[in-house]
Amino acid sequence: MAQETPPSGARPVGEVLRDPGYLRLLLLSALLGVPLSLAAFGFLTLEHALQNGLWEHLPRRLGHAVAPWWWPLPLLAIGGLLAALLITRLPGAGGHVPARGLSGRATEPSALPGVVLTALVCLPFGAVLGPEAPLMALGSGLALLTVRSARRARAPRLVAVLGAAGSATAISTVFGSPLVAAVLIIEAAGLGGPGLLALILPTLLASGVGALVFTGFGRWTGLDTGGLTLPSVPPVDTLDPGDFLWGLPLAVVIAATVSTALALGRRVADWTAKRPGPRTVLGALVAGALLAGYGLCTGRSPEEAALSGQAALARLAADPGAWPVGVLLWLLLFKGLAWAVCLGALRGGPIFPAVFLGPVLAMVFAPMPGFGSTTALAVGIASAAAAVTRLPVTSSVLAALLLGPDAADQMAVVLVSAVVAFGTGELLRARNGTDPSPASAPAEGAGPGG
């Protein structure tokens, strides 16, 4: 059988693999996996320790069993003020605005201090955002430190590939698997043939080595980074027509909800950009008031509505019955609005809160006849992730990894929900004229730098 001729301008795979420059790039990617994963480990450990200190240890020291309803107000006021100073004073403006999706550009090393510090005054202080965007910036920026600035200016493709490898290494640590990072880079890049190979080999190598070092270092030190995991999920029932009868319309509703929040976040971002200093602080205060509203209306800890939602998602999956429908609806309202505000006013990642809000909405319908908590969890994760990332394959892989051994029984509804939610989100964006470029990999159009 004759081999297909590579597209015009594309190099054959064998030639790419024999290129000494590309082999050096592979070696560099493997070597980068160690320090980048340790840097990601340090960032996540510090962020998690600050979060626990502010939301658990400090309230107890002040005589509260849990954070009182008003707790988010002073925390986000302080966090917003510090974030405003960092955004307006340091290079890089604190990083990419999360309402714009995941940034497709590698972060310049000069912007790293501002990005990291801004994330550390937003995320632990209660911003309804995740750590994935700062981690990607950290990984790509540190990777580019290995290349002189003059070399970066002459070889944009090298910058793109190294940025992708660094980002993949960092995000593989927080998603709990290098597979999610690899699939995300592949799907977001939208490449094929030798160009895809040139991109994915460094990405796989760096993220695999990084995940290995990250896991081993975590076990050795015993420190907790608060990664996205579900230690327990509800018992699995066999899929039946009722799961699809409820699941598919629910995927549409979840996608519409996430898309509406993202659209609101983009409006907040446009409004904040006109006067970033004072409006960043005001946005943080509004988010704090919404989170306090959840605590006041439910009598529960506002921590459930604050932060990224990864810890709350684990609690929801382990014991759905502990969350009454009324509480879920209040949580969806207050956390959803706070997420939209934080998307435009503060800094962090857009994915984690959506991956929590999707199951929250799905669990409202879990008691319906023919439905169930496990299927609701699967539909919620896959649909929300597909709507916020615009990457249905990555979202399906993420849902499968979170569901663990029970994923095989839920894969049909996971895949269909991801596709339905993705299509719904795209149609809504096209109809409303809010169609920014999909999340693009940091190595879009990348190839060996030569």
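Residues numbered from 1 in each chain as written. Predicted model: local features only at pLDDT ≥ 70, side-chain atom pairs only at ≥ 80, totals over all residues. Heavy atoms only, no water.

## Re the overall build of the protein
Working step 1: Secondary structure assignment for the protein yields 17 helices and zero strands.
Working step 2: Residue burial in the protein is summarised as follows: out of 450 residues, 56% are buried.
Working step 3: By sequence separation, contacts in the protein at least 24 residues apart represent 81% of the contacts at least 6 residues apart.
Working step 4: As presented, the protein carries roughly 18000 Å² of accessible surface, and 66% of it is formed by carbon and sulfur atoms. (Helix = DSSP H or I, 4+ residues; strand = E, 2+ residues; numbered from the N terminus. Buried < 20%, exposed > 50% of the residue type's maximum accessible area, 1.4 Å probe, protein only. Contact = heavy atoms within 4.5 Å. Areas by Shrake-Rupley, 256 points an atom, 1.4 Å probe, with all protein chains shown as cover.)

## Details of the nonpolar core
Working step 1: W339 and L346 are the most contacted members of the largest nonpolar core, which totals 106 residues.
Working step 2: In contact with W339, not counting residues within four places along its chain, are V128, L129, V258, A261, L262, P350, P353, A354, L357 and V388.
Working step 3: In this structure, L36, A106, A143 and L162 belong to the second largest nonpolar core, which totals 12 residues. (Core = buried A, V, L, I, M, F, W, Y, C linked by side-chain atoms within 4.5 Å.)

## Some details on the confidence of the model for the protein
Do not read the fine detail of predicted coordinates wherever pLDDT is low.
Working step 1: Looking at the protein as a whole, the pLDDT averages 82, with 76% of positions reaching at least 70.
Working step 2: Scored below 50 in pLDDT, residues 1-8 makes one contact in the model with residues more than four places away or belonging to other chains.
Working step 3: Below pLDDT 50 for its whole length, residues 438-450 participates in 47 contacts with residues either more than four positions away or in separate chains. (pLDDT = per-residue confidence, 0-100.)

## A look at the packing of helix α13 (residues 325-345) against helix α14 (residues 351-364)
Working step 1: It is the contact of α13 with α14, at a shortest axis distance of 9 Å, that shows an interaxial angle of 150°. Comparing the axis directions of α13 and α14 gives the class roughly antiparallel. Handedness of the α13/α14 crossing: left-handed. Contacts between α13 and α14 involve V325, L328, L329, L331, L332, K335, G336 and W339 from the first element and P353, A354, F356, L357, V360, L361, M363 and V364 from the second. (Axes fitted to C-alpha atoms, helices over the stretch in contact; angles between N-to-C directions. Parallel < 35°, antiparallel > 145°, perpendicular 65-115°, else oblique. Left-handed = near helix turned anticlockwise from the far one by under 90°.)

## Some words on the packing of aromatic side chains
Working step 1: Throughout the structure, instances matching the rule amount to two aromatic pairs.
Working step 2: Both rings, one in W70 and one in W71, keep their centres 5.5 Å apart while their planes meet at 50°; by these two values the pair is tilted.
Working step 3: The class of W70 is partly exposed, set by a relative accessible area of 34%.
Working step 4: Note on W71: relative accessible area 4%, which makes it buried.
Working step 5: On the basis of an interplanar angle of 20° and a centroid distance of 5.5 Å, the ring pair of W330 and F334 is categorised as stacked. Of this pair, W330 and F334 both sit in helix α13, separated by four residues, roughly a single helical turn.
Working step 6: Its relative accessible area of 37% is what places W330 among the partly exposed residues.
Working step 7: Lying over the aromatic face of W323, R300 brings its terminal NZ or CZ to 4.9 Å of the ring centre. (Phe/Tyr/Trp six-rings, centres within 6.5 Å; stacked < 30°, edge-to-face > 60°. Lys NZ or Arg CZ within 6 Å of the ring centre and 35° of its normal.)

## Let's talk about the pattern of salt bridges
Working step 1: Under the counting rule described, the total for this entry stands at four salt bridges.
Working step 2: The partner of E304 in a salt bridge is R300, with the nearest N and O atoms 3.0 Å apart.
Working step 3: Exposure remark for E304: the relative accessible area of 11% places this residue in the buried category.
Working step 4: Taking relative accessible area as the criterion, R300 reaches 22% and is therefore assigned partly exposed.
Working step 5: Of the charged contacts, one joins R429 and E426 as a salt bridge, the two residues approaching to 3.2 Å between their closest N and O atoms. (Salt bridge = Lys/Arg side-chain N within 4 Å of Asp/Glu carboxyl O.)

## Details of the packing of helix α10 (residues 241-274) against helix α15 (residues 373-389)
Working step 1: The interhelical angle for the contact between α10 and α15, taken along N-to-C directions, is 35°, at an axis separation of 8 Å. With respect to the hand of their crossing, α10 and α15 are arranged in right-handed fashion. Residues D243, G247, L250, A251, I254, A255, V258 and L262 of α10 form the contact with α15, whose own contacting residues are T375, V379, G380, S383, A384, A387 and V388.
Working step 2: Looking at the contact of α10 with α15 residue by residue, the class counts come to 10 nonpolar, four polar and one charged. (Nonpolar A, V, L, I, M, F, W, Y, C, P; charged D, E, K, R; others polar.)

## Concerning the state of the cysteines
Working step 1: Using the criterion set out here, one finds zero disulfides in the structure.
Working step 2: Free of any disulfide, C122 has its nearest cysteine sulfur in C342, 8.0 Å distant.
Working step 3: Residue class for C122 comes out buried when judged on its relative accessible area of 2%. (Disulfide = S-S within 2.5 Å.)

## A short note on the environment of V116
Working step 1: Tracing the backbone through its elements, the reader meets V116 in helix α4 (residues 112-122).
Working step 2: Taking the C-alpha atoms as reference points, V116 and G94, separated by 22 residues in sequence, lie 7.7 Å from one another.
Working step 3: If we ignore the near neighbours within four places in the chain, the residues touching V116 are F43 and L138.

## Points about the environment of L36
Working step 1: Mapping L36 onto the fold places it in helix α2 (residues 20-61).
Working step 2: For the pair L36 and S140, spaced 104 residues apart in sequence, the C-alpha separation works out to 9.0 Å.
Working step 3: Beyond its immediate chain neighbours, meaning those up to four positions away, L36 contacts G139, L142, A143, G166 and T169.

## What to know about α15
Working step 1: Taking 1.5 Å as the rise per residue, α15 with 17 residues should run 24 Å; its terminal C-alpha atoms sit 24 Å apart, in good agreement.
Working step 2: Among the 17 residues in α15, 16 count as buried, and that is most of the element.
Working step 3: A positive phi of about 65° marks R390, the residue just after α15. (Expected span 1.5 Å × (residues − 1).)

## With respect to the environment of L117
Working step 1: As for its position among the elements, L117 is in helix α4.
Working step 2: Judged by its relative accessible area of 41%, L117 falls in the partly exposed class.
Working step 3: Between the alpha carbons of L117 and L90 there is a distance of 9.8 Å; along the sequence they are 27 residues apart.

## Considerations on unusual backbone geometry
Working step 1: Of note, L307 is a non-glycine position whose phi angle comes to about 65°, a positive value.
Working step 2: Inspection of the secondary structure puts L307 in the loop between α11 (276-298) and α12 (310-318).
Working step 3: L307 gets classed as buried once you look at its relative accessible area, which sits at 4%.

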